[in-house]
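Survey of secondary and tertiary structure
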Amino acid sequence: MALTKCRECGADVSSQAKACARCGAPVPVPPSSRWWLWLPVGVVAFLFVVAPALMSVIKALGWETPQYVHDANAAFVACKTMVESRTFRNRTMKDCDELHAQMLTEGERAAKAQRGK
Ligand SMILES: [Zn+2]
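Everything in this summary refers to the structure shown in the same document.

How each quantity is defined
Residues numbered from 1 in each chain as written. Predicted model: local features only at pLDDT ≥ 70, side-chain atom pairs only at ≥ 80, totals over all residues. Heavy atoms only, no water. Helix = DSSP H or I, 4+ residues; strand = E, 2+ residues; numbered from the N terminus. Rg over C-alpha atoms; globule rule 2.2 N^0.38 Å. Buried < 20%, exposed > 50% of the residue type's maximum accessible area, 1.4 Å probe, protein only. Contact = heavy atoms within 4.5 Å. Lys, Arg positive; Asp, Glu negative; His and termini not counted. Charge placed at Lys NZ, Arg CZ, Asp CG, Glu CD. Donors = N, O, S within 2.8 Å, 3.2 Å for Na, K, Ca; no water. Tetrahedral: all angles 85-135°; square planar, octahedral: opposite > 155°, others 65-115°. Disulfide = S-S within 2.5 Å. Expected span 1.5 Å × (residues − 1). Arc of directions from axis to C-beta. Patch = residues over 30% accessible without salt bridge, like charges linked within 9 Å, V, L, I, M, F, W, Y side chains within 5 Å. Areas by Shrake-Rupley, 256 points an atom, 1.4 Å probe, with all protein chains shown as cover. Salt bridge = Lys/Arg side-chain N within 4 Å of Asp/Glu carboxyl O. 1 Å grid on protein atoms, 1.4 Å probe; cavity = no way out; pocket = protein on both sides within 12 Å on 5 of 7 lines; lining within 4 Å. Points joined across faces, edges and corners; volume = space filled by probe spheres on them.

Side note on the overall build of the protein
Each helix and strand in the protein was counted, giving three helices and two strands. In the protein, the succession of helices and strands from N to C terminus is β-β-α-α-α. A globule of 117 residues ought to have a C-alpha radius of gyration of about 13 Å, yet the protein, at 29 Å, is considerably larger. Projected onto its principal axes, the C-alpha coordinates of the protein cover approximately 80 × 45 × 20 Å. In the protein, which comprises 117 residues, the proportion classed as buried is 15%. Of the contacts formed within the protein by residues at least 6 apart in sequence, a portion of 21% connects residues at least 24 apart. For the protein, the separation between the mean place of its 15 positive charges and that of its 10 negative charges on side chains is 6 Å.

A closer look at the coordination of the zinc ion
Protein coordination at the zinc ion comes from C6 (SG), C9 (SG), C20 (SG) and C23 (SG), with a distance range of 2.2 to 2.3 Å. One can describe the site at the zinc ion as tetrahedral: its four donor atoms subtend angles covering 105 to 114° at the metal. Of note, the zinc ion draws all its donor residues from one chain, in the sequence arrangement C-x2-C-x10-C-x2-C. Remark: C20 occurs in the loop between strand 2 (12–14) and helix 1 (39–61) and C9 occurs in the loop between strand 1 (3–5) and strand 2; sequence separation between them is 11 residues. Since its relative accessible area comes to 30%, C9 is described here as partly exposed.

Brief notes about the state of the cysteines
This model, assessed by the stated rule, comprises one disulfide. Two residues share a disulfide in this structure: C79 and C96, whose sulfurs sit 1.9 Å from each other. Classification of the bridge connecting C79 and C96 rests on its S-S torsion, roughly -85°, and on that basis the disulfide is left-handed. Here C79 is found in helix 2 (residues 67–84), whereas its partner C96 is found in helix 3 (residues 93–116), with 17 residues between them in sequence. The class for C79 is buried, based on a relative accessible area of 12%.

Let's talk about helix 2
Between its terminal C-alpha atoms helix 2 stretches 26 Å, which fits the 26 Å expected from 18 residues at 1.5 Å a residue. Buried residues of helix 2: Y68, V69, A72, A75, F76, C79 and V83, and no others. Within helix 2, the buried residues cover an arc of 125° as seen down the axis, which keeps them to one side. Structural note: helix 2 exposes Q67, V77 and E84 on the side pointing more than 90 degrees away from its buried face.

Overview of a nonpolar patch on the surface
Nonpolar side chains collect at one region of the surface, where V43, V44, F46, L47, F48, V49, V50 and L54 lie side by side and expose about 760 Å² of accessible area between them. As for its position among the elements, V44 is in helix 1.

Focus on empty space enclosed by the protein
Enumeration according to the criterion identifies one cavity of 30 Å³ or more in this entry. Approximately 30 Å³ is the volume found for the largest cavity. The wall of the largest cavity is formed by K5, C6, R7, V13, C20, A25, P26, V27 and P28.

Any functional reading would require information that these geometric values do not contain.
Next up, the structure:
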């Protein structure tokens, strides 16, 4: 617990106190207890600095998720949504699993064919 000077009367006030005991002036919150104000800055910094850096590392190492995996996952999510909302009454989650597996298999085959060129 640190002591700080009251900016109104100059008395020693605990930094934990919300107001000066002598004059009742509010004690300013020390910057360290407002760390959450830096949270948006941190998020923005992450999005614009760390994330692109990470992406370039992932790309350079060849760890990037192939596009067909993204497509298959997107198709699966779309299929699941349609099944759940009963857009197609004769379709079940099993069809979505099959679609997903089929897209992955075909995507992989296409990717292999492209690499073989
Ligand atoms: Zn005071």
